[in-house]
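Residue-level structural notes
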Amino acid sequence: MSGSDRFGDAELRAVLDSIALPGGGRLGASGRVAGLSIAGGRVSLSIQIAPQEAQAFARIRDQAEAALRALPGVTSVFAVLTAERPAPPKLTPNKPMRTDPLAGIGHVIAVASGKGGVGKSTTTVNLALALRAQGLRVGILDADIYGPSLPTLLGLHGKPGMGQGRKLKPMQAYGLKAMSMGLLVEPETAMVWRGPMVMSAITQMMADVDWGALDVLLVDMPPGTGDAQLALAQGTQLAGAVIVSTPQDLSLIDARRGIAMFRKVDVPILGIIENMAHFICPDCGSSHAIFGQGGAEAEAARLSVPFLGAVPLTMELRAGSDAGQPVTARDPDGPLGRIYQQIARTMMAGLTRSPQAQRPGQP
Ligand code: ADP
């Protein structure tokens with residue numbers, strides 16, 4: 001616990017009461033502040049606004065961040081403006097919700113799964129490293145706000161620094177640029193955020209990070225297909241989405257829901273990656289197709305989406321992830337690295353085939 005964590009809700013709100021609102025009244029007592037929390041010196045909060053107030057409240061948000069940052073022991077403040085609507089987000093095809101903060105980024109690709117624990121984050125990291133091994137400039141945005149694991153997977157330590165123009169500098173690991181919600185927002189706070197708040201936090205995070213020029217930004221999505229995921233898929237300018245699934249999960253409804261969600265918002269599905277497809281015995285190296293063979297490929301064909309490849313269940317992958325030394329970083333041309341490189345190539349080929357996947361002004 002940091003010394004600053006002695007500040008309670010009332011004290012933080014009192015600080016926010018030093019800020020006058022444009023229409024009269026004070027921020028702390030205005031009823032607009034939600035999700036106010038402090039942990040380890042990091043404060044996060046959201047400020048509820050009407051969509052037309054966004055411009056006026058950008059200044060209020062800056063003032064709130066500055067006032068809270070002045071408290072002794074507070075090391076960072078993350079305030080988001082949320083224009084929350086009572087109804088679930090309306091389905092409009094892949095419409096950007098703000099000006100383009102990602103101008104220097106070739107393609108933003110979502111890595112999604114119907115449920116948690118299927119290896120989505122492990123796949124994101126190894127796929128990013130495979131793209132990197134092929135000479136691309138790659139970033140990862142860990143938007144899995146409910147269980148951010150990028151810091152562990154890449155062995156990231158410390159906090160992101162501030163660069164020019166008050167933008168966050170992405171962390172660097174194995175030649176990748178990386179930013180995780182886990183570095184900015186406490187998981188307990190994120191857990192209670194609803195769809196539009198998650199969306200707002202993530203688009204703001206995208207805009208507030210100085211990504212520089214990237215060929216590909218992989219977004220590790222929160223698992224599932226609820227409001228938060230839908231809002232994200234709808235609000236970010238996705239060139240495409242990749243679905244990670246285990247063989248069991250594929251035959252269930254989860255992966256199909258993920259595909260249906262992206263289709264609803266006109267995001268091209270670049271394909272399915274089957275993770276933990278077969279088991280490789282660490283002792284004898286033999287392969288065991290515990291859930292049968294070829295099922296995922298057949299299911300992908302049935303759903304009319306490309307099959308990008310199958311990744312085995314291996315001790316090496318799990319151990320590498322836990323140690324913050326992903327297999328594809330250590331050995332990009334080893335047996336597993338080659339599998340991820342092949343998946344990366346097929347995915348990129350799909351991207352160039354899909355006309356919707358091209359961002360304006362991009363090759
Ligand atoms: P998700 O992001 O879907 O929640 P993770 O990537 O965090 O899933 O993976 C969940 C667990 O499974 C982690 O312990 C990870 O190391 C392990 N894991 C993922 N893919 C594999 C694999 N192909 N072989 C072995 N372990 C894996």
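Let us look at the structure shown here. Counting restarts for each chain, with residues numbered from 1 along the sequence as it is written. Local features are withheld for residues below a pLDDT of 70 in this predicted model, meaning they are given only at 70 or higher, and side-chain atom pairs are given and counted only at 80 or more; totals for whole chains, interfaces and linings count all residues. By convention in this description, side-chain values take in all heavy atoms of the structure and omit both hydrogens and water.

Things to note about the overall build of the protein chain
- Numbering goes from the N terminus for both helices and strands, where a helix is a DSSP run of H or I of at least four residues and a strand is a run of E of at least two. Counting secondary structure elements, the protein chain contains 13 helices and 12 strands.
- When checking whether two residues touch, look at their non-hydrogen atoms; a contact exists if any pair is within 4.5 Å. Within the protein chain, contacts between residues separated by at least 24 positions form 76% of all contacts whose residues are at least 6 apart in sequence.
- Per-residue and other accessible areas follow the Shrake-Rupley method at a 1.4 Å probe size, with only the shown protein chains counted as cover for residues. As displayed, the protein chain has an accessible area near 15,100 Å², and 55% of this comes from carbon and sulfur atoms.

Here's the deal with the nonpolar core
- In this structure, Leu-141, Met-179, Phe-262 and Met-347 are the most contacted members of the largest nonpolar core, which totals 82 residues.
- A total of 7 residues in this core trace back to one element, the largest contributor, which is helix 13 (residues 335–353).
- Excluding residues that lie within four positions of it along the chain, Phe-262 makes contacts with Ala-110, Ala-112, Met-221, Ala-233, Leu-238, Ala-241, Ile-243, Val-267 and Ile-269.
- Ranked by size, the runner-up nonpolar core spans 23 residues in total, among them Leu-16, Leu-27, Val-74 and Val-77. In this text, buried Ala, Val, Leu, Ile, Met, Phe, Trp, Tyr and Cys residues form a nonpolar core when linked through side-chain atoms within 4.5 Å. Type-normalised accessible area, obtained with a 1.4 Å probe on protein chains alone, sets the label of each residue: buried when under 20%, exposed when over 50%, and partly exposed for intermediate values.

A look at the pattern of salt bridges
- Here, a salt bridge means any Lys or Arg side-chain nitrogen found within 4 Å of an Asp or Glu carboxyl oxygen. As enumerated under the stated definition, the model contains 11 salt bridges in all.
- With a shortest N-O distance of 2.8 Å, Asp-9 and Arg-13 are connected by a salt bridge. Residue Asp-9 and its partner Arg-13 are both found in helix 1 (residues 9–16); the two are separated by 4 residues, about one turn of the helix.
- Looking at Asp-9, the relative accessible area reads 41%, which means it is partly exposed.
- Residue Arg-13 is classed as partly exposed on the basis of its relative accessible area, which comes to 23%.
- Taking the shortest distance from any N to any O, the salt bridge between Glu-299 and Arg-302 comes out at 3.4 Å. Here Glu-299 pairs with Arg-302, and both are found in helix 10 (residues 295–302), just 3 residues apart, close to one helical turn.
- For Arg-302, a relative accessible area of 54% translates into the label exposed.
- Residues joined by salt bridges that share partners form a network here, namely Lys-120, Asp-144 and Asp-220.

Description of the site of the ligand
- We define proximity as follows: a residue is near a molecule or strand when any one of its heavy atoms falls within 4 Å of that partner. For the ligand, the set of nearby residues contains 16 residues, the closest of which are Gly-117, Lys-120, Ser-121, Thr-122 and Pro-312.
- For the ligand, an oxygen atom lies 2.6 Å from a polar atom in the side chain of Thr-122.
- Between the ligand and Thr-314 there is a distance of 3.1 Å, counted from a nitrogen atom to a backbone nitrogen or oxygen.
- Within the complex, the protein chains bury 80% of what would otherwise be the 560 Å² of accessible surface of the ligand.
- Among the secondary structure elements, those contributing two or more residues to the shell around the ligand are helix 3 (120–133), strand 10 (269–280), strand 12 (307–313) and helix 11 (315–322).
- Following the grouping adopted for this structure description, the nonpolar residues are Ala, Val, Leu, Ile, Met, Phe, Trp, Tyr, Cys and Pro, the charged ones are Asp, Glu, Lys and Arg, and the polar ones are all others, Gly among them. Tallied by class, the residues present in the shell around the ligand amount to 6 nonpolar, 8 polar and 2 charged. In the analysis that follows, any N or O atom pair within 3.5 Å is treated as a polar contact, provided that within protein one partner can donate a hydrogen and the other can accept it, and provided that, for residues neighboring in sequence, both atoms belong to side chains.

Regarding unusual backbone geometry
- At Tyr-174, a position not held by glycine, the phi torsion is positive, near 50°.
- Turning to its location among the elements, Tyr-174 is positioned in the loop between strand 6 (171–173) and strand 7 (176–180).
- Positioned with a positive phi, Asp-266 is a non-glycine residue whose angle comes to about 60°.
- As for its placement among the helices and strands, Asp-266 is situated in the loop between helix 9 (254–264) and strand 10.
- According to the relative accessible area criterion, Asp-266 is partly exposed, its value standing at 36%.

A few points about the sheet that holds strand 1 (residues 33–39)
- Spatially, the 3 strands line up as an open sheet ordered 1-2-3, and their pairing is mixed. Among the strands making up the open sheet, the edge pair consists of strand 1 and strand 3 (76–82). Strand after strand, the sheet turns through a mean of 10° between neighbouring axes, direction not considered.
- A pair of strands is treated as paired once DSSP finds two or more bridges between them. Direction of pairing for strand 1 relative to strand 2 (residues 42–48): antiparallel, over a ladder of 5 bridges. Directly across from Ala-34, in strand 2, lies its bridge partner Ser-46.
- Packing against the sheet, helix 1 makes contact with strand 1 and strand 2, and its axis sits at approximately 120° to strand 1. Axis geometry follows a simple rule: fit a line to the C-alpha atoms, using only the stretch in contact for helices, then measure angles between N-to-C directions, giving values from 0 to 180 degrees.

Here we look at the pairing of strand 7
- Counting buried residues along strand 7, 4 of its 5 residues qualify, which places the element largely inside the surrounding structure.
- Of the pairings in the sheet, the one linking strand 5 (residues 138–142) to strand 7 comprises 4 bridges and is parallel in character. When the bridges of strand 7 are listed, Gly-139 appears paired with Lys-177.
- As judged from the 3 bridges shared by strand 6 and strand 7, these two strands associate in the antiparallel manner. Within strand 7, the position partnered with Met-171 by the bridge is Ala-178.
- Taken together, strand 6 and the strand that follows it, strand 7, pair antiparallel across an intervening segment of 2 residues, in which Tyr-174 is found at a positive phi of about 50°.

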